[in-house]
Amino acid sequence: MANVYFTREITPESVVRLYQKLGITLMGKVAVKVHSGEKGNQNFLRPAFWKPMVEQVQGTIVECNTAYGDAFGGVRDHTDPHRRLLKEHGWSELFDVDLMDAEGPDVIWPVENGKILKENHLGKHIEQYDSMLVLAHFKGHPMGGYGGALKQLSIGCASAAGKALIHSAGKSDDNIEAWNVHADRNAFPEAMADAASTVVRHFAGRIAFINVMKNLSVDCDCCTVAEDPCMEDIGVLASLDPVALDQACIDLIYQSNDPGRDHFVERVESRNGIHTIEAADALGFGSRAYTLIEVE
């Protein structure tokens, strides 16, 4: 079973401490995947919070353009306004930042034994990195039910075209058409798991994951105006297994006595969010079984 380390202390220093518990040293050029926050979003974790962790691995912040189209607002679906927002939010001021799909063509990785996708389209710069650190703000999500490590690996690392493919269960790589043929509540999480598997396998032995359970809104950081958090903060978790990590976070939600728990759980269950974890476990690049180790 995978080890998942947990602390109730949510500080930049506790993030570094949990990373050190993992016993891994990410070598070479390190891609640090974050959610940089949509314009107007109030809940995303700010660059200053992540700064000690990024400095610990001497990493480069990596992001990709979104596939919103015109219907969902936001500015991260085109390179120039996305770069301006990265600067406005402070990422470019503190770190080296790489918008991995700013220049085409995408890199295309095959999906081994994928249930929905045969291939995953990613920002081509991902192949310039030797290792990866996935820093996820764990919260809800309007379509996926929740967002954690698996979402960062799938939707997060996919190019704009790759995101469209995931959302449409492989039917379209166009960011307008994809929303007209959006996958159902079973195929979408399965497509996310398929895409996530390619990134984990590419960086096998050279990747680590940290989830921060703070600002627990039912909405994602991709929302221009997200619902305010409905639960109290829970803590920081870290693992070398993204499936175990997301499962541990979900378990902490279900075990909570917080008055907002039911609202968060309704979002997860109504979108079939746990099926992403189930599908990832079935693909074999992680396991839902874990040992939770609390760190003071």
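What this report covers is the structure whose coordinates are included nearby. Just so we're clear, the structure is a prediction, and the values are computed from it rather than from any experiment.

The side chains of a regular strand alternate between the sheet's two faces. Among the seven residues of strand S7 (residues 131–137), seven are classified as buried, and the element is accordingly described as predominantly covered. Burial along S7 is two-sided: Ser131, Leu133, Leu135 and His137 and Met132, Val134 and Ala136, pointing in opposite directions, are all buried. Both strand S2 (residues 30–33) and S7 contribute to a ladder of four bridges, which runs parallel. In the sheet register, valine 32 faces S7, and the bridge partner there is leucine 133. As judged from the six bridges shared by S7 and strand S10 (residues 207–213), these two strands associate in the parallel manner. Looking at the pairing, alanine 136 lines up with asparagine 211 of S10.

The subject of this paragraph is the packing of helix H8 (residues 187–202) against helix H11 (residues 274–283). Closest axis-to-axis distance for the H8/H11 pair is 8 Å, and the angle between their directions is 45°. If you check the angle between H8 and H11, you find them oblique. In this structure, H8 crosses over H11, and the sense of that crossing is right-handed. On H11, the residues touching Pro189, Glu190, Met192, Ala193, Asp194, Ser197 and Arg201 of H8 are His275, Thr276, Ala279, Ala280 and Leu283.

The rules behind these values
- Each chain carries its own residue numbering, running from 1 in the written order of its sequence.
- At least 70 in pLDDT is required for a residue's local features to be given in this predicted model, at least 80 for side-chain atom pairs to be given and counted, and no such filter applies to totals for whole chains, interfaces and linings, which use all residues.
- Note that the side-chain values use all heavy atoms of the structure and ignore hydrogens as well as water.
- For the exposure calls, accessible area comes from a 1.4 Å probe over protein chains only, and a residue counts as buried if that area is under 20% of its type's maximum, exposed if over 50%, partly exposed in between.
- The way it works is that DSSP assigns letters per residue, a run of H or I at least four long becomes a helix, a run of E at least two long becomes a strand, and they are numbered from the N terminus.
- Two strands qualify as a pair provided that DSSP identifies no fewer than 2 bridges between them.
- With axes taken as lines fitted to C-alpha atoms, and helix axes fitted only over the stretch in contact, angles between N-to-C directions fall between 0 and 180 degrees.
- Each angle is binned into one of four classes, with values under 35 degrees roughly parallel, values over 145 roughly antiparallel, values of 65 to 115 roughly perpendicular, and all other values oblique.
- The handedness criterion is simple: a crossing whose near helix is rotated anticlockwise from the far helix by less than a right angle is left-handed, and one whose near helix is rotated clockwise is right-handed.
- Working rule for contacts: check all heavy atoms of both residues, and any pair within 4.5 Å makes them a contact.

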